[in-house]
Amino acid sequence: MNASSEPAPIASFGCSVPGWVGEELRAFPARLTSDAQKVQLVNRLAELNWRDGGGGPFAALVVGRETGQVVAAGVNRVLASGLSVAHAEVVALSLAQVERGQWDLGAAGSEPTELVVNWRTCVQCYGAAMWSGITRLVLAGHGDEVEELTGFDEGPMPEDWIGKFEERGIEVVPEVDRLSALAVFEDYRAAKEAGEVVVYNARGTGTNV
Ligand SMILES: [Zn+2]
């Protein structure tokens, strides 16, 4: 019995991806056999995502390393969810963990997984990827261009971020098709300069990707 008249504190939170993400997945082959194909899909999802208005121009996939099948797809949902953590990587990793029913995406007895992202992770997603159990990280590209183009801040990443992943058994493929990824960010910048998008911003100076 609750004798207090005070409302109970919020006790759960959630995040979902829009229905068009599933439609885009079905337009691609059921097995993604090359890194180029995986990056093509995340670039496509990133482009659609900022135009949809639910978040920034970022998307991520968790893919089975043996089958090439997508376990989960995420897009940035910060604006739609009101959650600062709802970056594409966190959304994809979390959906994959729900799909698998376990927190370790590298657990013995299940297919090893990789994370595919349309640019280098921010400092939050760097940690999230490291703790998720993935054994491979595929990036369309990396570097400061995204911060310059989009206004987002990726945070204080370690100088040797690739080495830190590899020390923990996570292979990094840092650059698959950077020009296609940059084209998405260029379009986003043009929309931003036209005042058509919100660069979500908790500190007044930009926020994480
Ligand atoms: Zn992030």
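Per an unreviewed UniProt entry, the recorded name for the protein is Nucleoside deaminase, and the organism is Kocuria coralli.

S.K.: Sorry if this is basic, but what is going on with the UniProt feature "domain: CMP/dCMP-type deaminase" (unreviewed entry) in the protein here?
M.R.: Taking the UniProt record as the reference, the feature "domain: CMP/dCMP-type deaminase" (unreviewed entry) is found at residues 33-165. Between the first and last C-alpha atoms of residues 33-165 the distance is 23 Å; the span itself is 41% helix and 16% strand.

S.K.: What is the right way to look at the packing of aromatic side chains in this model?
M.R.: Two numbers describe a pair of aromatic rings. These are the distance of the centres and the angle of the planes. Enumeration according to the criterion identifies six aromatic pairs in this entry. Geometrically, the ring pair formed by Trp50 and Tyr188 is edge-to-face, given 5.5 Å between the ring centres and 85° between the ring planes. Of this pair, Trp50 sits in helix α2 (residues 35-52) while Tyr188 sits in helix α8 (residues 178-193); the two residues are 138 residues apart in sequence, bridging distant segments of the chain. Residues Phe58 and Phe152 carry aromatic rings whose centres are separated by 5.6 Å and whose planes lie at 70° to one another, so their mutual orientation is edge-to-face. In this pair, Phe58 is assigned in the loop between α2 and β1 (59-64) and Phe152 in the loop between α6 (145-150) and α7 (161-167), connecting sequence segments 94 residues apart.

S.K.: Is there a simple way to explain the coordination of the zinc ion in this structure?
M.R.: In ideal tetrahedral geometry, four donors around a metal make angles of 109.5 degrees, whereas ideal octahedral geometry with six donors gives angles of 90 or 180 degrees. Within the first shell, the zinc ion binds the protein through His87 (ND1), Cys122 (SG) and Cys125 (SG), at distances of 2.1 to 2.4 Å. Sequence spacing among the residues donating to the zinc ion works out to H-x34-C-x2-C. Placement of the pair is His87 in the loop between α3 (78-81) and α4 (88-100) and Cys122 in the loop between β3 (113-117) and α5 (123-130), with a sequence separation of 35 residues. Pair check on accessibility: His87 and Cys122 agree, each one buried.

S.K.: Could you clarify how one ought to interpret α8 in this entry?
M.R.: Think of an α-helix as turning once every 3.6 residues; residues three or four places apart then point the same way. Here α8 spans 22 Å end to end across 16 residues, near enough to the 22 Å set by a 1.5 Å rise per residue. Turning to α8, its buried residues are Ala181, Leu182, Val184, Phe185, Tyr188 and Ala191. Buried residues belonging to α8 abut α2 and α6. Just downstream of α8 lies Gly195, where phi reads positive at about 75°.

S.K.: Before we go on, may I ask you to explain the nonpolar core in this structure?
M.R.: One broad rule of soluble globular proteins: the nonpolar side chains tend to lie buried together. If you look at the biggest cluster of nonpolar residues, it comprises 57 residues, and the most contacted ones within it are Leu45, Leu61, Leu115 and Phe165. Residues in contact with Leu115, not counting those within four places in the same chain, are Ala60, Leu61, Val62, Glu89, Leu93, Ala129, Ile134, Arg136, Leu137 and Val138.

S.K.: I'm lost on the pattern of salt bridges in this one. Help?
M.R.: If you walk through the whole model with that rule in mind, you get 14 salt bridges. With a shortest N-O distance of 3.5 Å, Glu171 and Arg65 are connected by a salt bridge. Residue Glu171 is found in strand β5 (residues 171-173), and its partner Arg65 is found in the loop between β1 and β2 (70-75); the two are separated by 106 residues along the sequence. Between Glu167 and Arg168 there is a salt bridge, and its shortest N-O distance comes to 3.7 Å. Exposure remark for Glu167: the relative accessible area of 56% places this residue in the exposed category. A cluster of three or more residues bridged by salt bridges with shared partners is formed by Asp35, Lys38, Arg65, Glu114, Arg136 and Glu171.

S.K.: Would you take a moment to explain the sheet that holds strand β4 (residues 136-139) for this structure?
M.R.: Strand pairing in a sheet is mediated by backbone hydrogen bonds. Such pairs are either parallel or antiparallel. Across the sheet, five strands lie side by side as β2-β1-β3-β4-β5; this open sheet has mixed pairing. Each of the sheet's edge strands pairs with one partner strand only, and the pair in question is β2 and β5. Within this sheet the neighbouring strands show an average axis-to-axis angle of 15°, counted without direction. Bridging between β1 and β3 involves five bridges; their strand directions are antiparallel. What sits directly across from Gly64, in β3, is Thr113. Where α4 meets the sheet, it contacts β1, β2 and β3, and its direction lies at approximately 145° from that of β2.

S.K.: Could you clarify how one ought to interpret the packing of helix α1 (residues 19-27) against α2 in this entry?
M.R.: A pair of packed helices is captured by two measures, namely the crossing angle of their axes and the spacing between those axes. Two elements in contact, α1 and α2, have axes separated by 11 Å at closest approach and are oriented at 155°. Taken as axis vectors, α1 and α2 run roughly antiparallel relative to one another. Read as a crossing pair, α1 and α2 show a hand that is right-handed. Contact residues: Trp20, Val21, Glu24 and Leu25 in α1; Leu41, Arg44, Leu45, Leu48, Asn49 and Asp52 in α2. Class assignment for the residues of the contact of α1 with α2 results in six nonpolar, one polar and three charged.

Scoring rules and cut-offs
- Residues numbered from 1 in each chain as written.
- Predicted model: local features only at pLDDT ≥ 70, side-chain atom pairs only at ≥ 80, totals over all residues.
- Heavy atoms only, no water.
- UniProt positions renumbered as here; feature names shortened; annotations may be inferred.
- Helix = DSSP H or I, 4+ residues; strand = E, 2+ residues; numbered from the N terminus.
- Phe/Tyr/Trp six-rings, centres within 6.5 Å; stacked < 30°, edge-to-face > 60°.
- Donors = N, O, S within 2.8 Å, 3.2 Å for Na, K, Ca; no water.
- Buried < 20%, exposed > 50% of the residue type's maximum accessible area, 1.4 Å probe, protein only.
- Expected span 1.5 Å × (residues − 1).
- Contact = heavy atoms within 4.5 Å.
- Core = buried A, V, L, I, M, F, W, Y, C linked by side-chain atoms within 4.5 Å.
- Salt bridge = Lys/Arg side-chain N within 4 Å of Asp/Glu carboxyl O.
- Pairing = 2+ DSSP bridges.
- Axes fitted to C-alpha atoms, helices over the stretch in contact; angles between N-to-C directions.
- Parallel < 35°, antiparallel > 145°, perpendicular 65-115°, else oblique.
- Left-handed = near helix turned anticlockwise from the far one by under 90°.
- Nonpolar A, V, L, I, M, F, W, Y, C, P; charged D, E, K, R; others polar.

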